[in-house]
Amino acid sequence: MCFNRVIKVQHGQKISNFKSQLTGSLLAVAFLTSFGSSMLYGYNLAVVNSPAVYIKDFYNKTALSRNGTGLSGETLTLMYSLTVSVFAIGGLLGSLIVGMLVTRFGRKGTVVNTTVLVFVAGSLMGFSRICNSPEMVIIGRFITGIHSGISLSVVPMYLGEIAPKNLRGFLGLVPSIFIGTGVFAAQILGLHELLGKEEHWPLFLSVVVVPTFIQLMLLPWFPESPRYLLIEKHNVHATITALKWYRAKCNIQAEIEEMQEEQRSLSSVETLSVWNLLLDDTVRRQVVSVVVINIGMQLSGIDAIWFYTNDIFENAGIPAPEIQYTTAGTGIIEIIAGLIGCFTIEKLGRRPLMIGGFAMMGICSAGITFALILQAHLLFMRYLSVCCVVGIIAGFCIGPAGVPFLITAELFKQSHRPAAYIVGGSLNWLSNFTVGFVFPFLQMSAGSYCYLVFAAICLSVAVYVYIVIPETKNKTFMEISRMFSKKEAVLETQGLIHVDQLKLKKMNGYGGVEHTSLEFDSSSSVP
């Protein structure tokens, strides 16, 4: 009975601690950064699908007015494909310069200063039809890609640094919810009853300036990342002021001491370049982990699923006029799955969400292959394929959509973090572009079996996370760093002892030491 009471009291303390540290300032910054930056990424992913016919018609009419002849079907397809894919090229460029920006302007400063890109891009796309210029649409898409490439890295970095350790996962997944919200907003606004008409497509593309304007008006009133202020700018007074903004009435001394400990460990280390990060043996496992989960996030096939959703729904017997509403319904699933991940990550941890998410995607990808093959013989397989699409989207949004960006922040110290985000972000965008470019050819050559490739990738990433990446829930950045250092030391010690064993065996012709057992202190192992 007494034990049960203790458990109840401790559980109550955890709940009250959660509520006391989840301040209005933290929620406001998470909302503003995600609403004005992360949401635009999701919106721009889906915004060109609905007005595709109208944009192509605009390109053709412009060429006709300029040259007296319209565009061929191949040229028109090429121009529209460029309009879609140039977003990923801009994203790659944005991810490559984010390290320089966050070091110079800070985390919040980068978010605020890069809003100018959205206003420039929105103006170009909004006035493109008036100016009879398809080039303005393409350039506008490229600039929005740059902004999204920066935002996908800097927003999780900013939220991860201002959050207390017991809320870092919760706040770190807020951007992924808004990415899903952006996709859903593009699907809803693209309906024919709203902005899906021909005369509205320039407005449909440029409406992104509205959330960014709200962000620009409100976010500058909030402080910069305390870790950036103390560790990189050595401004103790500004650090204390920022912590008082972001924390409830509690003792912030322990948190400052933890930052100072990290600052002392980095006293002779400047912010690393990408090349130096790749050469640093002390973070090799962390770098490989970031590479695997970021590539796996895009090569999971989620973009291909979004591309093929309408066809799968059509094969399932859904009437063509209703498919747009059914597709919009998948946007609701994305938001719900993202909320589930956000509100369970601090209880379950990072590993279960990533392992479960990737495993669910892998199983459902294999399910789509079998459903598409057998649906001609078994009628219910059509509905199974729809369920598998929903399962892949839900599995992705629960964990793989947001946790990789959070993990990238948690696995590295302050000096390594910007370079790590450059590596993760650039690989993410390269993989995104690769899937978009290769998938049509893969589909033509492999048919329904193409989804088995995605299934194998998803299951492989799930196994990697299970074996290699430790749980980082409720740990400080220094604790996570020491955890990896300890594991490296154990592995190195085991390797040296194994070599010594081999040498002894060679020296003793009778193999007298082959049965010698070496015992390790169990406390030296890493959980």
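Residues numbered from 1 in each chain as written. Predicted model: local features only at pLDDT ≥ 70, side-chain atom pairs only at ≥ 80, totals over all residues. Heavy atoms only, no water.

Participant: Whenever I open this one, the overall build of the chain confuses me. Can you help?
Facilitator: Helix and strand counts for the chain stand at 24 helices and 0 strands. For the chain, the residues scored as buried account for 51% of the 527 residues in total. Contacts in the chain between residues far apart in sequence, at least 24 positions, make up 82% of those at least 6 positions apart. (Helix = DSSP H or I, 4+ residues; strand = E, 2+ residues; numbered from the N terminus. Buried < 20%, exposed > 50% of the residue type's maximum accessible area, 1.4 Å probe, protein only. Contact = heavy atoms within 4.5 Å.)

Participant: Can you help me understand the nonpolar core in this one?
Facilitator: Most often, soluble globular proteins keep nonpolar side chains buried together rather than apart. If you look at the biggest cluster of nonpolar residues, it comprises 89 residues, and the most contacted ones within it are Val29, Leu277, Ile368, Phe412 and Tyr451. Grouped together as the second largest cluster of nonpolar side chains are 25 residues, Val48, Tyr80, Met125 and Leu205 included. (Core = buried A, V, L, I, M, F, W, Y, C linked by side-chain atoms within 4.5 Å.)

Participant: Explain the pattern of salt bridges to me, please; I cannot follow it from the model alone.
Facilitator: A pair can form between side chains of opposite charge whenever their charged atoms are brought close. Under the counting rule described, the total for this entry stands at 10 salt bridges. Between arginine 284 and aspartate 281 there is a salt bridge, with the nearest N and O atoms lying 2.6 Å from each other. A residue is classified by how much of its surface remains accessible, and arginine 284, at 37% relative accessible area, is partly exposed. On the accessibility criterion, aspartate 281 (55% relative accessible area) is exposed. Residue glutamate 346 is joined to arginine 350 by a salt bridge in which the shortest nitrogen-to-oxygen separation is 3.4 Å. Each member of the pair glutamate 346 and arginine 350 is classed as buried. Overlapping salt bridges bring together Arg107, Glu161, Glu232 and Arg417 as one network. (Salt bridge = Lys/Arg side-chain N within 4 Å of Asp/Glu carboxyl O.)

Participant: For this particular structure, what's the right way to read helix 16 (residues 284-299)?
Facilitator: Here helix 16 spans 22 Å end to end across 16 residues, near enough to the 22 Å set by a 1.5 Å rise per residue. Within helix 16, burial applies to Arg285, Gln286, Val287, Ser289, Val290, Ile293, Asn294, Gly296, Met297 and Gln298. Phi for glycine 301, located one or two positions after helix 16, is positive at around 95°. (Expected span 1.5 Å × (residues − 1).)

Participant: Could you clarify how one ought to interpret the environment of methionine 39 in this entry?
Facilitator: The topology assignment puts methionine 39 in helix 2 (residues 24-46). In contact with methionine 39, not counting residues within four places along its chain, are Ser34, Phe178, Ile179, Thr181, Gly182 and Pro211.

Participant: Help me understand helix 21 (residues 403-410), please; the structure alone is not making it clear to me.
Facilitator: Two residues of an α-helix separated by three or four positions point the same way, owing to the 3.6 residues in each turn. Of all 8 residues in helix 21, 8 are buried, a share of seventy percent or more. Within the sequence span of helix 21, burial applies to Val403, Pro404, Phe405, Leu406, Ile407, Thr408, Ala409 and Glu410.

Participant: Would you take a moment to explain unusual backbone geometry for this structure?
Facilitator: Trans is the prevailing form of peptide bonds, just as negative phi is the prevailing case for residues other than glycine. Despite not being glycine, asparagine 132 shows a phi value in the positive range, around 55°. As for its placement among the helices and strands, asparagine 132 is situated in the loop between helix 6 (115-126) and helix 7 (134-162). With a phi angle near 55°, histidine 234 is a residue other than glycine that sits in the positive phi range. Along the chain, histidine 234 turns up in the loop between helix 12 (226-232) and helix 13 (236-246). Since its relative accessible area comes to 55%, histidine 234 is described here as exposed.

Participant: Any chance you could explain the side chain of histidine 147 here in plain terms?
Facilitator: Mapped onto the fold, histidine 147 is located in helix 7. The buried category is assigned to histidine 147, whose relative accessible area is 1%. If sequence neighbours within four positions are ignored, histidine 147 has contacts with Gly36, Ser37, Leu40, Thr114, Leu117 and Val118.

Participant: Where do I start with a nonpolar patch on the surface in this structure?
Facilitator: Residues Phe370, Leu374, Leu378, Leu379, Phe380, Tyr383, Tyr449 and Leu452 make up a contiguous nonpolar surface patch of roughly 810 Å² in combined accessible area. One can find leucine 374 in helix 19 (residues 350-374). Judged by relative accessible area, leucine 374 falls into the partly exposed class, the value being 32%. (Patch = residues over 30% accessible without salt bridge, like charges linked within 9 Å, V, L, I, M, F, W, Y side chains within 5 Å. Areas by Shrake-Rupley, 256 points an atom, 1.4 Å probe, with all protein chains shown as cover.)

Participant: Looking at this model, I keep getting lost on the environment of valine 98. Mind explaining?
Facilitator: The residue valine 98 is located in helix 4 (residues 73-105) in this model. Relative accessible area serves as the criterion here: at 0%, valine 98 is assigned to the buried category. In contact with valine 98, not counting residues within four places along its chain, are Ile150, Ser153, Val154 and Ile422.

Participant: Where do I start with the confidence of the model for the chain in this structure?
Facilitator: Residues shown with low pLDDT carry predicted positions that ought not to be read at fine detail. With 84% of its residues at a pLDDT of 70 or more, the chain has an overall mean of 80. Note that pLDDT drops below 50 for residues 491-500; the model gives that stretch 3 contacts with residues more than four away or on any other chain. (pLDDT = per-residue confidence, 0-100.)

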